[in-house]
Amino acid sequence: MVVLPIRFERSPRLHPMLSEVAHPVGTRVVVQGKRGPEVATVRGEPTPPQEQERYGAVLRAASTEDVSRWEELHRTGEDLKWLLRARARQRSLPVKVVAVEFTLDESLVTVSYSAEERIELTGLISELRGHTRARVNFAAVGPREQAQMIGTLGACGRENCSSTHLQDFAPVSIRMARDQQLPLNPEKLSGPCGRLLCCLQFEHTQYLDLLKDLPRKNARVCHEGSGACGKVTKLHPLAGTVDVTTDQGVLTDVPAGELRRLTEAEIKALPETGRGGGRPGKPNRAPRE
């Protein structure tokens, strides 16, 4: 027995499944999934099974009849998806039907949908009864799962990460955008799903490492060459430089290695106008974020 990484059409996530045969990469196989028998694709090399791990099962290599049947059911599911969308509009139901998927033996049909509130879907079940005898299962999906199943284009011009390679939806926070010195513009930080971009967390750990070598924003520093002292107002992690506001103006793109951080005693010893880069005779103001 070997373990094969299997990918279903609706998601890029790889599922480890036991198989008696080491099918080559790209082989379409019939697997026993949670819903029932389905057709999937082998997407990696075989590995030995691990103890105390739970696996699905690869039943066999998909025959020509299996593939033809699976494609026919896929077309039927697409037709029913648009039918249910039309019926939902007629009934004024605040719901979006994302996908309709059959198992290979047509014993179960899963209707994936998204809705902002709890709604009654019994009316849509009656619509399906006239087209299939399969048991109907409704599954609510979130905005990210919806984007994963439908597939969209990201701001980079490529297909979104959730439908191409992401294995899990990692938590994404606005703090990640702050650490990367990005403008906090919701339109630019949100993906097609309306949530924060998944790619914000791809390089977050690298940015954290770069920020360790830079002074913190609003820190008091002195330039070793000119002796000018001021407040750090902007960070450039990739370049390893910062902007410093002094009484004389703004020093831009100053390498972090040329700056010396002031101690609390040195800050207290500075003239009032030299502590934060404010204008002489006026109170210092912290720069806007």
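Anything mentioned here points back to the structure above.
These numbers come from a predicted model, not from an experiment. (Residues numbered from 1 in each chain as written. Predicted model: local features only at pLDDT ≥ 70, side-chain atom pairs only at ≥ 80, totals over all residues. Heavy atoms only, no water.)

This part covers the pairing of strand β12 (residues 249-255). When strand β11 (residues 241-246) meets β12, the two strands line up antiparallel, connected through 5 bridges. Bridging from a neighbouring strand, T245 pairs with V250 of β12. Remark: 2 residues form the turn of the hairpin made by β11 and β12, two consecutive strands paired antiparallel. (Pairing = 2+ DSSP bridges. Helix = DSSP H or I, 4+ residues; strand = E, 2+ residues; numbered from the N terminus.)

Here the structure, examined in full by the defined rule, presents 1 aromatic pair. With 6.1 Å between their ring centres and 75 degrees between their planes, Y113 and F138 make a pair best called edge-to-face. Of this pair, Y113 sits in strand β7 (residues 108-114) while F138 sits in strand β8 (residues 135-140); the two residues are 25 residues apart in sequence, bridging distant segments of the chain. Y113 gets classed as buried once you look at its relative accessible area, which sits at 17%. Judged by its relative accessible area of 21%, F138 falls in the partly exposed class. Above the plane of the ring of F8 lies R10, whose end atom (NZ or CZ) is 4.9 Å from the centre. (Phe/Tyr/Trp six-rings, centres within 6.5 Å; stacked < 30°, edge-to-face > 60°. Buried < 20%, exposed > 50% of the residue type's maximum accessible area, 1.4 Å probe, protein only. Lys NZ or Arg CZ within 6 Å of the ring centre and 35° of its normal.)

Along helix α2 (residues 122-129), the residues classified as buried are G123, L124, E127 and L128. Around the axis of α2, the buried residues are gathered within 145 degrees of arc, so they sit on the same side. (Arc of directions from axis to C-beta.)

So, about the sheet that holds strand β5 (residues 56-61). If you walk around this closed barrel you meet the 5 strands as β1-β2-β5-β3-β4, and the pairing is mixed. Direction aside, neighbouring strands of the sheet carry axes that sit 55 degrees apart on average. Taken together, the 2 bridges between strand β1 (residues 2-7) and strand β4 (residues 37-42) define a ladder with antiparallel strand orientation. If you follow I6 over to β4, its bridge partner there is V42. Of the strands in this sheet, β3 (28-32), β4 and β5 touch helix α1 (residues 64-90), which is tilted by about 75 degrees from β3. (Axes fitted to C-alpha atoms, helices over the stretch in contact; angles between N-to-C directions. Contact = heavy atoms within 4.5 Å.)

What follows covers the pattern of salt bridges. Within the structure shown, the criterion is met by 12 salt bridges. Of the charged contacts, one joins E71 and R28 as a salt bridge, the two residues approaching to 3.9 Å between their closest N and O atoms. You can see E71 sitting in helix α1 and its partner R28 sitting in strand β3, a full 43 residues away along the chain. Residue classification places E71 among the partly exposed positions, given a relative accessible area of 38%. On the accessibility criterion, R28 (26% relative accessible area) is partly exposed. A salt bridge links R35 to E101, with the nearest nitrogen and oxygen atoms 2.9 Å apart. Taken together, the residues span a long stretch of sequence, with R35 in the loop between β3 and β4 and E101 in strand β6 (residues 96-102) at a distance of 66 residues. Under the relative-accessibility criterion, R35 is labelled partly exposed at 25%. Residue E101 is classed as buried on the basis of its relative accessible area of 18%. (Salt bridge = Lys/Arg side-chain N within 4 Å of Asp/Glu carboxyl O.)

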